[in-house]
Amino acid sequence: NLAAACCSDGDSNCEIAEFSLVEGNPSCSQDICCKGSNVCTSARILSASSVSCRGSSVCFRAQMSMLKKDLFCEGEPTGTACSEGTMVFGGGSGSHCTRCLGNGNATCSSSVFSWAPSATACMRCETQACEAARLLLQDGV
C-alpha cells in the first residue's frame with residue numbers, strides 16, 4: 001500500500017505488478033506516474049487519484065480501477081501508452097479528463113474506458129490515438 005508512486009526505466013521498485021494507494025497522508029496526492037519504456041506494463045492500479053503514463057509501451061495492458069480524477073497518456077515517440085487496457089473511473093459525480101496524446105501512434109488504442117453514473121467526463125484523442133477504443137457511458141454521464 002502506497003500514498004503515491006512514480007516509476008521510470010530501471011526502477012526496481014516498479015517490479016511490483018499491483019499498486020493500491022491509500023488515503024490519509026495530506027502531503028500525498030495518491031497519484032501515479034509511469035515514464036519510460038515498458039514501465040507499468042500489465043500493472044494493476046487500484047484506487048488512484050490521477051495516473052500519468054508517458055513513453056513507449058507504458059501502461060500497456062494496465063488494469064486501472066476506481067480512478068478518482070484524470071488519466072494522461074502520451075506515447076512517445078511511437079509508443080502504445082495505455083493501449084489494450086481497462087480504465088474504470090469511480091468517484092460518483094466527480095470530473096474526469098482523459099487525454100491520449102502522441103502523433104501517429106496507437107496511444108489508448110483497443111482500451112476500454114468506463115465512467116461511474118453522474119460523472120462529468122471529457123476525453124481528447126490525437127490523430128490515431130484511441131483507435132478501436134470502447135467508451136462505456138452509464139446513465140447520467
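Note that the structure is a prediction, hence the values are computed from the model and not measured.

Asker: Explanation requested: the environment of Leu21 in the structure shown.
Answerer: Here Leu21 shows up in the loop between β2 (18–20) and β3 (32–37). Separated by 11 residues in the primary sequence, Leu21 and Ile32 place their C-alpha atoms 9.0 Å from one another.

Asker: Got a minute to help me understand the sheet that holds strand β6 (residues 63–67) in this structure?
Answerer: Working definition: the strands of a sheet are paired by backbone hydrogen bonds and lie parallel or antiparallel to each other. Spatial strand order, β2-β4-β6-β8-β10-β12: six strands in an open sheet with parallel pairing. Only two strands of the sheet have a single partner each, and these edge strands are β2 and β12 (134–137). Between one strand and the next, the sheet's axes are offset by a mean angle of 10°, whatever the strand orientation. The pairing of strand β4 (residues 44–46) with β6 spans three bridges and is classified as parallel. For Arg44, the partnering residue across the bridge sits in β6 and is Gln63.

Asker: What should I look at first to understand the pattern of salt bridges in this one?
Answerer: Any two side chains of opposite charge can pair, given that their charged atoms come close. Summed over all chains, the structure comprises three salt bridges. Residues Arg54 and Glu74 are paired through a salt bridge, measuring 3.7 Å at the closest nitrogen-oxygen approach. With a gap of 20 residues between them, Arg54 in strand β5 (residues 51–56) and Glu74 in strand β7 (residues 71–75) connect regions that are remote in the sequence. Judged by relative accessible area, Arg54 falls into the partly exposed class, the value being 35%. Of the residues examined, Glu74 reaches a relative accessible area of 27% and is grouped as partly exposed. Glu84 is the salt-bridge partner of Arg61, the closest N and O atoms lying 2.9 Å from each other. Here Arg61, found in the loop between β5 and β6, pairs with Glu84, found in the loop between β7 and β8 (86–89); they are 23 residues apart in sequence, far enough to count as distant. Overall, Arg61 belongs to the partly exposed group, its relative accessible area being 43%.

Definitions and limits used
- Every chain is numbered independently, its residues counted from 1 as its sequence is written.
- Local features are withheld for residues below a pLDDT of 70 in this predicted model, meaning they are given only at 70 or higher, and side-chain atom pairs are given and counted only at 80 or more; totals for whole chains, interfaces and linings count all residues.
- Water and hydrogen atoms play no part in the side-chain values, which are based on all heavy atoms of the structure.
- Working definition: helices are DSSP H or I runs of at least four residues, strands are E runs of at least two. Numbering for both runs from the N terminus.
- When DSSP finds two or more bridges between two strands, those strands count as paired.
- To obtain an axis, a line is fitted to C-alpha atoms, over the contacting stretch when the element is a helix, and the angle between two such axes runs from 0 to 180 degrees between their N-to-C directions.
- Each salt bridge in this description consists of a side-chain nitrogen of Lys or Arg and a carboxyl oxygen of Asp or Glu lying within 4 Å of one another.
- Each residue is assigned to one of three classes by its accessible area relative to the maximum for its type, calculated with a 1.4 Å probe on protein chains only: buried under 20%, partly exposed between the two thresholds, exposed over 50%.

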